[in-house]
Amino acid sequence: MDNDEEEEKGKRRKGRVVVRRGRVRKPPNRTTTITTETTTTTTTTKNKNKTSIVGLGGDIEDFSDELILKKIRDSLLQWYDQNQRVLPWRRRRSKTTDADEDEEEDEKETSRRAYAVWVSEVMLQQTRVSTVIDYYNRWMEKWPTLHHLAQATQEEVNEMWAGLGYYRRARFLLEGAKMVVEGGGEFPRTVPALRKVRGIGDYTAGAIASIAFNEAVPVVDGNVVRVIARLKAISANTKESETIKNLWKLAGQLVDPHRPGDMNQSLMELGAIICTPTSPSCSACPISEQCHAFSLSRNSQRVQVTDYPVKVVKPKQRHDFCAVCVVEILEDQKATCSSRNNGFLLVKRPDEGLLAGLWEFPSVLLDGEADLAMRRKATDQFLKKSFNLDTDSCGIILREDVGECVHIFTHIRLRMYVELLILNPKGGSKILSGKEEKDTIAWKCVDNKSIQDMGLTSGVRKVYNMIQQFKEKSLPENPRSRKRKKKL
Ligand code: SF4
């Protein structure tokens, strides 16, 4: 039995319709009427004791009927005009009364809008609108134009981005801005020109070109995939490249030549607030009359619009484990662990890979689950190798296992074992020395106040909060006075 068959059996047991590539399947001996936009077709194919209904799915049909296409566009645009959410990146400046001034202003406004679309669309990838609004407003306050952004440092951009996740996006935004400014400063206006900018892919290029420059090109994001998959009752796997290609083609056919940007936004907006993943409001949907999934669901109780797009089994998450050691250094001999100028050791991650170029507490990736002794051994080796820091002879005030926490990335489940190491070496943080090799790691010591103001990734913030809670609960004012020095 192959996996497909297993999946089909599993779903049948639950009495649900199985929507598979190229077919809409039903339990045996049933005949279902499928209404297409132009015809009504009843097709049954006998296969042993199964009856399959064909006619939709594998061969994804174009939007070939101009009248229906017009109806969809008009309905969506009208709905969008009345229902779009007020969002900061949709704000437009009001026009002046002077025609010359207007022309100049129009040009500036277009570039401003292109930049706004770019920043907002990048932030919105994998992130909720409600989260993005504050980030977007802060970003625009600091870097109101592309030229302002191009002057920023990677460090500043990372700090501004902290907590949004997928930090590569921030890096690409900065690199892209620098690239455009170095190339003369004029914002590229077409999809092919935009695609040449670092970090701008098909989706962002389509959004900028259609929304800011009125180019009649499509945009396909998760919301658009869902709406079109339901609109056309597509039973092919929407994660497969061939289907994705077809979805772009269909989205291209839907684009209104006069209002491409609004049309694209109306599709995305519909997916975000009406045609939602689990509870679509079909009764309030402006295109329900043209929706195949809705039509199928009305004809059979066994079909639900949420059967589209077809659910695909996600690849398993990888499980990673790491030992995180929060090293706090008391800067002078009178300091206590609550002294303000104690330094926390932070290490910069490599410029490539996960969380590239971001700051974190010293961490060592482990082969798997590990007990405290193994973790300490790995940590000690790392501190010795990277900072020439010998934990046996650098005035340990406290070394405590604080606990563990899990941080989830899209494809990785990272379990972090967190340890607090408070040191009071002679000379304070000056005893740290980076290895003088080609691959020297970047590090810094920051005080409590600075670390709180820094833009930390949510994983690092989680660890920092654990440490603070531990200190509040478990540490006396001055650990040295109560001789809490731990034996290792
Ligand atoms: S009718 Fe329902 S399923 Fe179809 S597009 Fe509208 S909300 Fe989505």
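A short tour of the structure in this document, coming up. This one's a predicted model, so the numbers in the text were calculated from it and none came from an experiment.

Turning our attention to the site of the ligand. The immediate surroundings of the ligand are formed by 14 residues, with C275, C282, C285, S288 and C291 found nearest. Every element with two or more residues in the shell around the ligand is listed here: α10 (222-231) and α13 (292-299). It is α10 that provides the largest number of residues to the shell around the ligand, a total of three residues.

Bringing the nonpolar core into the picture now. Core analysis: the biggest nonpolar cluster contains 102 residues, and V117, I208, V224, I228, A251, V324 and V326 have the highest contact counts within it. Setting aside its immediate chain neighbours within four residues, V224 contacts V219, A251, L267, M268 and G271.

The subject of this paragraph is helix α2 (residues 66-83). Residues spaced three or four apart along an α-helix face the same direction, because each turn holds 3.6 residues. For α2, with 18 residues, the first-to-last C-alpha span of 25 Å sits near the 26 Å given by 1.5 Å per residue. All of the buried residues in α2 are I72, R73, L76 and Y80. For α2, the angular spread of the buried residues around the axis is 95 degrees, confining them to a single face. Residues of α2 that are exposed and point more than 90 degrees away from the buried face comprise L67, K70, Q78, D81 and Q82. Among the structural elements, α11 (241-254) and α12 (260-273) are those in contact with the buried residues of α2.

The next thing to look at is the packing of α10 against α11. Geometrically, a packed helix pair is captured by the angle between its two axes and the distance between the axes. Where α10 meets α11, the closest approach of the two axes is 10 Å, and the angle between their N-to-C directions is 85 degrees. With respect to α11, the element α10 is oriented roughly perpendicular. Residues V224, V225 and I228 of α10 touch α11, and the partners they reach there are L247, L250 and A251. Counted by class, the contact of α10 with α11 contains six nonpolar, no polar and no charged residues.

With that settled, consider the pairing of strand β8 (residues 343-348). As paired strands, strand β7 (residues 318-329) and β8 are joined by two bridges and run antiparallel to one another. Within β8, the residue paired with E328 across the bridge is F344. Pairing between β8 and strand β13 (residues 443-447): five bridges, direction antiparallel. Paired with V347 across the two strands is W443, which belongs to β13. Bridge count between β8 and strand β9 (residues 359-360): two bridges; the pairing is antiparallel. Bridging across to β9, K348 finds its partner in W359.

This part covers unusual backbone geometry. Cis rather than trans, the peptide bond between Y308 and P309 has omega equal to -15 degrees. By the secondary structure assignment, P309 is in the loop between α13 and β7. Although it is not a glycine, N388 adopts a positive phi angle of roughly 55 degrees. By secondary structure assignment, the location of N388 is in the loop between α14 (372-387) and β11 (396-408). Judged by local crowding, N388 falls into the exposed class, with 12 C-beta atoms found within 10 Å.

Before going further, it helps to spend a moment on the environment of R230. In this fold, R230 is placed in helix α10. R230 gets classed as buried once you count the C-beta atoms within 10 Å, which come to 26. Along the backbone, R230 and C291 are 61 residues apart, and their C-alpha atoms lie at a distance of 6.6 Å. Among residues more than four places away in sequence, those in contact with R230 are C275, C291, A293, V305 and Y308.

Another point: the environment of S458. Of note, S458 is situated in helix α16 (residues 458-474). Judged by C-beta crowding, with 12 C-beta atoms within 10 Å, S458 ranks as exposed. Separated by 294 residues in the primary sequence, S458 and L164 have C-alpha atoms spaced 8.2 Å apart. What S458 contacts, discounting residues up to four positions off in sequence, is G163 and G165.

Each value, and the rule that gives it
- Residues numbered from 1 in each chain as written.
- Predicted model: local features only at pLDDT ≥ 70, side-chain atom pairs only at ≥ 80, totals over all residues.
- Near = placed C-beta within 6 Å.
- Helix = DSSP H or I, 4+ residues; strand = E, 2+ residues; numbered from the N terminus.
- Core = buried A, V, L, I, M, F, W, Y, C linked by C-beta atoms within 7 Å.
- Buried ≥ 20, exposed ≤ 12 C-beta atoms within 10 Å, placed from the backbone.
- Contact = placed C-beta atoms within 7 Å.
- Expected span 1.5 Å × (residues − 1).
- Arc of directions from axis to C-beta.
- Axes fitted to C-alpha atoms, helices over the stretch in contact; angles between N-to-C directions.
- Parallel < 35°, antiparallel > 145°, perpendicular 65-115°, else oblique.
- Nonpolar A, V, L, I, M, F, W, Y, C, P; charged D, E, K, R; others polar.
- Pairing = 2+ DSSP bridges.

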